[in-house]
Amino acid sequence: MMISIITATYNSDKTLKDTFDSILSQSSTNYECIVVDGGSSDNTLKIVREYESKFDGRLKWISEKDNGLYDAMNKGIRLATGDVIGILNSDDFYASSDVLKNIADAFTDVDAVYGDIQYVDSSNLKDCVRYYSSKSFKRWKMRLGIMPAHPSFYCKREIYTKYGLFDLDFKIAADFEQLLRLIYIHRIKTRYIPMLFVTMRRGGISSSGFSSHKRIIRDHMLAYKKNGIYSNYFLEGIRYVNKLIDIYWFRSKKKLTSR
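These numbers come from a predicted model, not from an experiment.

Points about unusual backbone geometry
For step 1, the next point in the chain: Despite not being glycine, N11 has its phi angle at roughly 50°, a positive value.
For step 2, the next point in the chain: Considering the arrangement of structural elements, one finds N11 in the loop between β1 (3–9) and α1 (16–24).
For step 3, the next point in the chain: What makes N11 partly exposed here is its relative accessible area of 33%.

Structure (structure tokens):
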């Protein structure tokens, strides 16, 4: 089983090497890496060219103007030839060397798998500031705005062919709408893998302040309406209560372990 890893870049020269190194460190080499660049003006493409030979033909890339992150991801999915597709953003990296192996092993009778992610500050990549576990995710929770960690979501390519890619009407929460469509509407079969997949630097289009959260809620409401699902602002608000509980639990646990 080959895995296609989609990495969208735009002026990513400060972080892209970490992303590439984490892919190259994987114990499984049955993958292809697809870089979709939005026309970077820094050294991003220089880094891509430097690393190209290290991938032994498993890296392909394009650079052209796009309509944002989700448009770039769609381009990558269309270029993919693997059996399974996953997204690894250009400021993220795999948390360990056996992530792809565990993902491939889990695809026995399912359409998609997902796991856990962690957030770190750019100043200290070893210090986890938030842990996002997908363990408690259930299909019905999508009506509350809760979804599995999208950076850990790996799905069969045929599912995207059958049910569609990211909807570009959604500027900040197209990942939620896509999972709502795949998991809630079309009921694809998924499996949770209890392991940390990805380390993410804090900051990004969906975690950059109050205004972004307002846009996320607006996108979620549009996603429900577009897919014929009833929800409301009260149900959506439960997601934030759940998030606060998770953050409090993580910080309390972190304090205990640091003593």
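Description of the pairing of strand β4 (residues 84–87)
For step 1, the next point in the chain: Going residue by residue along β4, you find V84 and G86 tucked away on one face and I85 and I87 tucked away on the opposite face as well.
For step 2, the next point in the chain: Pairing geometry for β1 and β4, over four bridges, is parallel. The residue bridging I5 from the neighbouring strand is G86, located in β4.
For step 3, the next point in the chain: Alignment of β4 against strand β8 (residues 154–156), held across three bridges, turns out to be antiparallel. By the bridge assignment, V84 is partnered in β8 with K156.

Digging into the packing of α1 against helix α2 (residues 44–52)
For step 1, the next point in the chain: Viewed as axis vectors pointing N to C, α1 and α2 meet at an angle of 20°, and their least axial separation amounts to 10 Å. Overall, the two elements α1 and α2 adopt an arrangement that is roughly parallel. Handedness of the crossing formed by α1 with α2: right-handed. For the pair formed by α1 and α2, the contact residues are L16, K17, F20, D21 and L24 on the first element and T44, I47, V48, E50 and Y51 on the second.
For step 2, the next point in the chain: In terms of residue class, the contact of α1 with α2 is built from six nonpolar, one polar and three charged.

Conventions adopted
- Positions within a chain are numbered from 1, following the residues in the order the chain's sequence is written.
- With the structure being a predicted model, the display of local features is reserved for residues of pLDDT at least 70 and the display and counting of side-chain atom pairs for 80 or more, all residues being used for whole-chain, interface and lining totals.
- To get the side-chain values, all heavy atoms of the structure are used, and hydrogens and water are removed first.
- In DSSP terms, a helix is any run of H or I states spanning at least four residues, a strand is any run of E spanning at least two, and both are numbered starting from the N terminus.
- Accessible area is worked out with a 1.4 Å probe on protein chains only. A residue is then buried under 20% of its type maximum, exposed over 50%, and partly exposed in between.
- Whether two strands pair depends on DSSP finding at least two bridges between them.
- For helices, the axis comes from a line fit to the C-alpha atoms of the stretch in contact; other axes are also lines fit to C-alpha atoms, and the angle between any two N-to-C directions lies between 0 and 180 degrees.
- Reported orientations rely on four angle classes, namely roughly parallel under 35 degrees, roughly antiparallel over 145, roughly perpendicular from 65 to 115, and oblique for the rest.
- Rotating anticlockwise by less than a right angle from the far helix to the near helix defines a left-handed crossing, while the corresponding clockwise rotation defines a right-handed one.
- Throughout, a contact is declared for two residues whenever any of their heavy atoms are within 4.5 Å.
- Charged residues are taken to be Asp, Glu, Lys and Arg, nonpolar residues to be Ala, Val, Leu, Ile, Met, Phe, Trp, Tyr, Cys and Pro, and polar residues to be all remaining types, Gly included.

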